[in-house]
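# Structural characterization, general
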Amino acid sequence: MINLNSEFVSNKQANLNITNRAIAYGDALFETIRVVKGEILFWEDHYFRLMSSMRILRMEIPMNFTLEYLENEILTTIKSNGLKEDVSVRVKFTVYRDSEGLYTPTTNDIGYFIQVKRLDTPSFVLNDISTTPYVVELFKDHYVNSGLLSNLKSTNRIVNTLAGIFAKENRFQNLLLLNQDKKVIEAINGNIFLVKGDNIITPPLTDGCINGVFRKQLMDVIKKKTDFSIEEKSISPFELQKADEIFITNAILGIQSISKYRKKTYSQEKAQYLLDIFN
């Protein structure tokens, strides 16, 4: 069942008009959220990122779009799909500008829909790169333009889509995206972190990476609960081969380690240590 503007409909009934701006212009935002045993992980961060993003896109935020209201919408959608409270669930919450018009919308009103899917694991699980290689390469066909809009989780993700196709065709597990200055900013599906000794580096938001919720949480954990240092710094492709570890983060998978980039192979000890803190 899909929650379409607070009405529960089947997948086949959840139809959007072909003039919907999410389809026509990518005029929409989304949050992917992990729910564990009825608890929405990092819910306040997801909520405030969504509200901030809607303001940046000049969407009209409904008066009832409170933290409590949207939390209830998510949990009710999970229950309507027959998913028990003792399972983990992936939630995708999409907000679109519900308006007629061409490039210029007639109003800034919004609509939304919520999709849910059961996850196989109750907690975050680190991939084992000793048994299953996780190989990446740079995606050089297209670049992400740095700026405020690149930090948003909008539905306009064509560079990520093309990178995903390239990775599949060339048998890579993921690709690393570059900005217009040819700095490494993120993976197809998450933020990236480089480990050099006890120093951990991640690209700054000004380079154009997604303002990831798990990214923020992980940076807080490193600062408060470890002896590692965390630094936001631009990453050149040459630095990838100097790292001890590289891992990818997002709110659904947590941390995923990279095993190889070109001729360089990596370990995953610190990635495991950090993920154990979360779990």
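A brief look at the structure comes next. A quick note: this is a predicted structure, and the numbers were derived from the prediction, not measured.

With that settled, the discussion passes to the pairing of strand β10 (residues 191-196). Of all six residues in β10, five are buried; the element is thus mostly enclosed. Pairing between β10 and strand β13 (residues 245-250): five bridges, direction antiparallel. Its bridge partner lying in β13, Val195 is registered against Glu245. What sits between β10 and strand β11 (residues 199-202) in their antiparallel hairpin is a turn of two residues, with Gly197 showing a positive phi close to 65 degrees.

Attention now moves to a nonpolar patch on the surface. On the surface, a cluster of nonpolar side chains totalling about 400 Å² of accessible area is made up of Tyr25, Leu102 and Tyr103. Relative to the helices and strands, Leu102 resides in the loop between β5 (88-97) and β6 (110-118). Classification of Leu102 as exposed rests on a relative accessible area of 65%.

Even without being a glycine, Lys37 presents a positive backbone phi close to 50 degrees. Positive phi outside glycine occurs at Lys182, with the angle close to 60 degrees. Among the secondary structure elements, Lys182 is positioned in the loop between β8 (174-179) and β9 (184-187).

Below, the discussion takes up the nonpolar core. Within the largest apolar cluster, 27 residues are counted, with the highest numbers of intra-cluster contacts made by Met54, Ile74, Val91 and Val95. Every element with two or more residues in this core is listed here: β3 (28-36), α2 (43-56), α3 (67-80), β5 and β6. For this core, the leading source of residues is α2, giving five residues. The residues touching Val95, leaving out its near neighbours within four places in the chain, are Ala28, Leu29, Leu50, Met54, Met59, Phe65, Ile110, Gly111 and Tyr112. Core analysis: the next-biggest nonpolar cluster, separate from the first, contains 22 residues, Phe42, Ile200, Val213 and Ala271 among them.

It is worth spelling out the sheet that holds strand β16 (residues 264-265) at this point. Strand order in this open sheet of five strands is β9-β8-β7-β15-β16, and the pairing throughout is mixed. Bordering the open sheet on either side are β9 and β16, each of which pairs with just one other strand. Pairing between strand β7 (residues 135-144) and β8: five bridges, direction parallel. From the neighbouring strand, Leu138 faces β8, where its bridge partner is Leu176. Packed on one face of the sheet, helix α4 (residues 158-169) meets β7, β8 and β9 and runs near 140 degrees to β7.

A few words now on α3. Here α3 contains 14 residues, and its C-alpha end-to-end distance of 20 Å stays within 8% of the 20 Å for a straight helix at 1.5 Å per residue. Those residues of α3 that sit buried are Leu67, Leu70, Glu73, Ile74, Thr77 and Ile78. Down the axis of α3, the buried side of the element spans an arc of 135 degrees, and every buried residue falls inside it. Exposed residues pointing more than 90 degrees away from the buried face of α3 are listed as Glu68 and Lys79.

Each value, and the rule that gives it
Residues numbered from 1 in each chain as written. Predicted model: local features only at pLDDT ≥ 70, side-chain atom pairs only at ≥ 80, totals over all residues. Heavy atoms only, no water. Buried < 20%, exposed > 50% of the residue type's maximum accessible area, 1.4 Å probe, protein only. Helix = DSSP H or I, 4+ residues; strand = E, 2+ residues; numbered from the N terminus. Pairing = 2+ DSSP bridges. Patch = residues over 30% accessible without salt bridge, like charges linked within 9 Å, V, L, I, M, F, W, Y side chains within 5 Å. Areas by Shrake-Rupley, 256 points an atom, 1.4 Å probe, with all protein chains shown as cover. Salt bridge = Lys/Arg side-chain N within 4 Å of Asp/Glu carboxyl O. Core = buried A, V, L, I, M, F, W, Y, C linked by side-chain atoms within 4.5 Å. Contact = heavy atoms within 4.5 Å. Axes fitted to C-alpha atoms, helices over the stretch in contact; angles between N-to-C directions. Expected span 1.5 Å × (residues − 1). Arc of directions from axis to C-beta.

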